[in-house]
Amino acid sequence: MKPTCHLFGQNSRKALGDPHLQEALRSVDERLRTMRDAAFRELPNAEALREQGRRIRDRALAGLDVLLEQLEENVTRLGGTVHWAADAAAARKVVEDLAVSRGVRTVVKGKSMVCEEIALNQGLEARGLDVVETDLGEYIIQLAHEPPSHLVGPAIHKTKGQIAELFRDCLGAPLMDDSEEMTRFARRILRERFLSADMGITGANFLVAATGAVVLLENEGNIRLSTTLPRIHVAVTGIEKVVPTWEDLCVLLQLLPRSATGQKLSSYVSVLLGPRRANEPDGVDEFHLVLLDNGRTRILADEALRETLRCIRCGACLNTCPVYLKVGGHAYGWVYSGPIGSILTPQLLQDRRTASALPFASTLCGACAEVCPVKIDIPRILTELRRRYAVDPAWGPAPLPERAFARMAGTVMADRRLYEGASRTARCALPLLESGPPLLKRALATFPPPAEEPFRRTVSKSPRKAEDPHE
Amino acid sequence: MRVHVFIPCLVDQFRPSAARSTLRVLESLGIEVDYTPEQVCCGQPFFKAGYHTEARRLALKTLLHFQDGCLVVSPSGSCVRMVREHYAEILNRDADEKRRALDLAGRTYELSEFLVRVLDVTHLGSSFSGRVTVHDSCQVRRGLGIWKEPRALLDEVAGLERIEMERSDTCCGFGGIFSARNPEISAALARDKISQAVATGAEFVTGCEISCLLHIERHARDMGVPIRTLHLAEILASGL
Amino acid sequence: MNDRERILRRIRQGLGTGPNLPATRDSEENAESTDSFEAHGIPVCSQDLVQEFQREARLQSVEVHEASDLSAAAHVLARILETMAAARVLAWSHPLLDAPDMARVLQDHRVSDPSPGPEGAASSEDRSSRTARAARADVGVTAVDWALADTGTLVLRSGPGRSRSASLLPPVHVALLPVSRILPDLSALLEHLPLDPDQALKQESSLTLITGTSKTADIELTLVRGVHGPGRVHVILVADEGV
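What you see is a predicted model; the values in this text were computed from it and never measured.

Asker: Just give me the short version of the interface of chain A and chain C, but keep the residues and values in it.
Answerer: Taken together, the contacts link 84 residues of chain A with 76 residues of chain C. Classifying every residue of the side of chain A that touches chain C by side-chain character gives 40 nonpolar, 25 polar and 19 charged. Here 5 bridges tie strand β9 (residues 268–272) of chain A to strand β9 (residues 206–211) of chain C, and the two strands are oriented antiparallel to one another. In the sheet register, A:V271 faces β9(C), and the bridge partner there is C:L207.

Written out as structure tokens, the structure is:
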């Protein structure tokens, strides 16, 4: 997906003016956020659980090479094949070549952010394959040719009416009014695709190194269908998804559904241990696991930013972020949005400069850090990314006028006399400045006008008497 | 007891009454207060904008001005957070610098925290008639864990009616550099906050962080809503 | 250097273990702490398991029925099938379902469970006709390997005569659950899982945890049941599973 992060300002203005989107985001706030909070309040010791989540993810990252090798060995023993892909092009090639060599014509897909990240669908379609997204939300945005706007509910930015029109225009459906009716309609269409698909492609929520198990969570059942009915299942996932043992998985299974939707457990948790055994009545004949780097090793190598990789893609940070809840996912301009998108996108994109607006798309309020099930300190990482964009040539630096202004302002604030001089000058010049260029007027209007005299000029004057605050 | 009072740039320029009130409140408790005009800025705006060199320079100055070991009290929650949370991070050139940063962090307090937790005082003898609602600034509530203290103090003010917003801890949208870079989102968040405040029937919004209050007041004016903002110190000093 | 080597090298460099050094971090670092699950904040169920399971399952819109033994369970199943006119059943081959009373009920309705041909690995033709047959079923009937009380979850292993399709394709799923199989929670399930690669190989290719019905909230966050998987789930609790 081509990044449009540099258009964050423009996109967010558009989002603020979209009443349907605003309504949808209010829903996310009222439902998903409150359901997550309620689920965590019910836990006997939520803080201890989050701390365990953090430890497990850190331990996995600290031993990533060992775990990936262990995983590879175990997946292979179970009859699966492991492919390593250094970048998006390599991953696409693996899947495309596999599809072509196996005579695959139709593909059913489960929701996968990684597949969006590498633009897998476009690659397969270019090779003449028929690819259908089967998660209802993903199916909807596939019809609309839009990117996902949320990690967990990709189409929540769309109204029922918009979806009904989409079904009418793209599928020849009658214009429906009922969510159940529309869902049943989609179920019928997608059922046909499941029954005839040659290959199922999914992501993976977790990979258990100790046994080679691939774990997938969902509520709809489309992932189970995609990994049972076709003859081939391909799971494409980031290398950071590996966890050492079942015990670790157990902790993360307590955290992920609660954080994402406030559920204790998703409707279906599939623990896949290779292709079907010879005596099993159904299941795939072939299983392939594609392990994707695509910039993750670069993040791993950066100690200050490494904890970004702890992320288990729950979306809790999106649901609680005041900025995300105002502008939605598309404004962030790439696959990953919200607070996690603001730190992941700058680190994953080849051209980091494209994403320079994202670390500033935050008030640093800290709500995200409070809900992250693996305790990623997103505000700290945002601040560090801001530093890099401001002064580090590998990321920015910021344009010269900005850096010069910062240096000048720093000098003024560091010197009492300069500061007091500037204070006096600004007060004199205020009327002049207020009739200046619009940008300056806007900056000046940030606050109500300054007080007639700053505190420091009054403190030495008359003894401190009571002031009536009602004045 | 003698304490330093740290009055940061925004309070100095935009709400000096909050500074005067802070001094008044502390002196009413018999505390000797020392104000250092040399101290201008804690460095926070630079730190958050990515200019850590400038931030460091200002942090070193702060260290210098308050090096005598006395407690430092400030009506600015975000500045206190900067000192407690980030000074040791940017003042780490050597072990001695870091030690001094941690030392300062350990004796720097936000005003309501100082009154309630250090002095164990909630009743000052203040009086203020009006309906007031508390905005929990992100830096203060999430950053410092302070939200019970301002409420405990306000509940002891004669004549004051305190009402809670539905969600007092949602970000007001200022976020320092955020309001300059994303003014529309910033304004939308302020409007949400103001709507919540209006829904409580309050006449005043108060809190421990002046930047939030100034942001709220500016947008309230733009909306034509007659809500005013008062720093906690201004209310506490009333009637003393 | 292929991508595998490239990636492993980058990881080792990034973690500071050097590209050419063998990965020396051993199991000690990865050793599990001996603290209890409770100390780690993991919820642990300690109530009456049957009651807890029923409560949690019902919260997930699962219809829970009680049967004193397999005979009674067969009656319950018959009743469920009767309420669904002309029900075609896709059922597991399983000792509990092969018991006389159950077998009789399933007899008339059965769509034979998809089984592989004698060679094992079926051709694609067999796969699609197998699938089509399973897709015609109105009800899937399975047993349950374990259940988790604190979340109302059913745990099903695939295996010979135990298709994944039975609990997935038909719009209704009926699960026979002997109460002896109810575990408190997810942590308790761990001892039953293949803990090492050898065990994993001997076992089935999939373990599915089913909690409630298939559902989605993708349209305006409105909950709709029965998207791709079953929209109705019945659990028949069997007190005495003696055959």
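Asker: Break down the domain arrangement of chain B for me, with residues and values.
Answerer: Residues and elements named next belong to chain B. Here chain B is described as being made up of domain 1 (2–116) and domain 2 (121–237). With centres defined by C-alpha atoms, the gap from domain 1 to domain 2 works out at 22 Å. Put simply, the parts of the chain that give the side of domain 1 that touches domain 2 at least two residues each are α1 (9–14), α2 (16–28), α3 (44–49), α5 (77–90) and α7 (111–118). Sort the elements by how many residues they give to the side of domain 1 that touches domain 2 and α2 lands first, with 7 residues.

Asker: How would you explain the packing of helix α4 (residues 70–83) of chain C against helix α6 (residues 100–107) of chain C if you had to name every residue and give the values?
Answerer: Residue and element names in this part refer to chain C. Contact geometry for α4 and α6: axes closest at 8 Å, N-to-C directions at 15°. Considering their axes alone, α4 and α6 lie roughly parallel with respect to each other. Handedness of the α4/α6 crossing: right-handed. Of the residues in α6, those in contact with L70, S71, A73, A74, L77 and A78 of α4 are D101, M102 and V105. Broken down by class, the residue content of the contact of α4 with α6 amounts to 7 nonpolar, 1 polar and 1 charged.

Asker: Quick rundown of the sheet that holds strand β6 (residues 153–157) of chain C? Include the residues and the values.
Answerer: With respect to topology, 8 strands assemble into an open sheet ordered β8(A)-β5(A)-β6(A)-β9(A)-β9(C)-β6(C)-β5(C)-β8(C), the strand pairing being mixed. Since the sheet does not close on itself, it has two edges, and those belong to β8 (242–243) of chain A together with β8 (182–183) of chain C, each with one partner. For strand β6 (residues 213–218) of chain A and β9(A), the ladder comprises 5 bridges, and the chain directions are antiparallel. Paired with A:V215 across the bridge in β9(A) is A:V271.

Asker: Lay out unusual backbone geometry in plain terms, naming residues and giving numbers.
Answerer: Most peptide bonds are trans, and most residues other than glycine sit at a negative phi. Put simply, A:G396 and A:P397 share a cis peptide bond, and its omega is -10°. Relative to the helices and strands, A:P397 resides in the loop between α18 (378–391) and α19 (400–414). Positive phi values are uncommon outside glycine, yet B:D120 reaches one of about 60°. Its place among the elements puts B:D120 in the loop between α7 and β5 (127–134).

Asker: Can you break down the interface of chain B and chain A residue by residue, with the values?
Answerer: Contacts between chain B and chain A engage 57 residues on the former and 47 residues on the latter. Element by element, the count of residues in the side of chain B that touches chain A is highest for α2(B), at 6 residues.

Asker: Tell me what's going on with the packing of helix α8 (residues 136–144) of chain A against helix α9 (residues 160–171) of chain A, and back it up with residues and numbers.
Answerer: Residue and element names in this part refer to chain A. Two numbers describe how α8 lies on α9: the axes approach to 10 Å, and their chain directions differ by 60°. With respect to α9, the element α8 is oriented oblique. When you trace α8 past α9, the crossing you get is left-handed. Listed contacts from α9 to I140, L143 and A144 of α8 are I163, L166 and C170.

Asker: Could you give an account of the sheet that holds β5(B), naming the residues involved and the relevant values?
Answerer: Residues and elements named next belong to chain B. A sheet is described by the order of its strands in space; here 4 strands give the open sequence β6-β5-β7-β8, paired in parallel fashion. Unpaired on one side and paired on the other, β6 (158–162) and β8 (228–231) mark the two borders of the sheet. Each adjacent strand pair in this sheet contributes to an overall mean axis angle of 40°, direction not counted. Judged from the 4 bridges that link them, strand β7 (residues 204–207) and β8 form a sheet pairing that is parallel. Across the sheet, G207 pairs through a bridge with H231, a residue of β8.

Asker: Just give me the short version of the environment of A:E420, but keep the residues and values in it.
Answerer: With respect to the element layout, A:E420 can be found in helix α20 (residues 416–434). You can call A:E420 partly exposed: it has 17 C-beta atoms within 10 Å.

Asker: So, α6(C): which residues are in play, and what are the values?
Answerer: All names here are of chain C. Among the residues of α6, those classed as buried are M102, V105 and L106. Take α6 and look down its axis: the buried residues cluster within an arc of 95°, on one side only. Structural note: α6 exposes P100, R104 and Q107 on the side pointing more than 90 degrees away from its buried face.

Asker: Just give me the short version of the arrangement of the chains, but keep the residues and values in it.
Answerer: No other pair of the 2 pairs of chains in contact has as many contacts as chains A and C. Here chain B and chain C are not in contact; the least distance found between their C-alpha atoms is 22 Å.

Asker: I'd like a description of the confidence of the model for chain C, backed by residues and values.
Answerer: Residue and element names in this part refer to chain C. For chain C, the mean per-residue pLDDT works out to 83, and 79% of the residues sit at or above 70. No element of chain C has a lower mean pLDDT than helix α2 (residues 27–30), which averages 42, and none a higher one than β6, which averages 97. Below a pLDDT of 50 lies the segment residues 20–34, which in the model reaches 16 contacts outside its immediate sequence neighbourhood of four places, other chains included. Between residues 114–125, whose pLDDT stays under 50, and residues either more than four places distant or in other chains, the model counts 19 contacts. Confidence estimates for the predicted assembly give a pTM of 0.94 and an ipTM of 0.96.

Asker: A description of α8(A) should follow, citing residues and the corresponding values.
Answerer: Burial runs high along α8(A): 7 of the 9 residues are buried. Along α8(A), the residues that are buried comprise A:L136, A:G137, A:E138, A:Y139, A:I140, A:I141 and A:Q142. Against the buried residues of α8(A) lie β3 (130–133), α9 and α10 (179–196) of chain A together with β10 (215–216) of chain C. Where α8(A) terminates, the next one or two residues include A:H145, which has phi positive at roughly 55°.

Asker: Describe the nonpolar core, with residues and values.
Answerer: With 282 residues, the main nonpolar core has A:V236 and A:V290 as its most contacted residues. Residue contacts for A:V290: discarding those within four places in its chain leaves A:H83, A:A85, A:A91, A:V94, A:V95, A:V234, A:A235 and A:V236.

Asker: I'd like to hear about the pairing of β6(C), residue by residue, with values.
Answerer: All names here are of chain C. β6 sits mainly inside the fold: 5 of its 5 residues count as buried. Counted between consecutive antiparallel strands, the loop separating strand β5 (residues 146–148) from β6 contains 4 residues, among which G152 sits at a positive phi close to 65°. One ladder, built from 5 bridges, connects β6 with β9; its direction is antiparallel. Within β9, the residue paired with V155 across the bridge is L209.

Asker: Just give me the short version of the environment of A:E125, but keep the residues and values in it.
Answerer: Its place among the elements puts A:E125 in helix α7 (residues 120–126). For the pair A:E125 and A:V107, spaced 18 residues apart in sequence, the C-alpha to C-alpha distance is 9.9 Å.

What counts, and at which threshold
- Residues numbered from 1 in each chain as written.
- Chains lettered and ligands numbered in written order.
- Predicted model: local features only at pLDDT ≥ 70, side-chain atom pairs only at ≥ 80, totals over all residues.
- Contact = placed C-beta atoms within 7 Å.
- Nonpolar A, V, L, I, M, F, W, Y, C, P; charged D, E, K, R; others polar.
- Pairing = 2+ DSSP bridges.
- Helix = DSSP H or I, 4+ residues; strand = E, 2+ residues; numbered from the N terminus.
- Domains from an automatic or database assignment.
- Axes fitted to C-alpha atoms, helices over the stretch in contact; angles between N-to-C directions.
- Parallel < 35°, antiparallel > 145°, perpendicular 65-115°, else oblique.
- Left-handed = near helix turned anticlockwise from the far one by under 90°.
- Buried ≥ 20, exposed ≤ 12 C-beta atoms within 10 Å, placed from the backbone.
- Arc of directions from axis to C-beta.
- pLDDT = per-residue confidence, 0-100.
- Core = buried A, V, L, I, M, F, W, Y, C linked by C-beta atoms within 7 Å.

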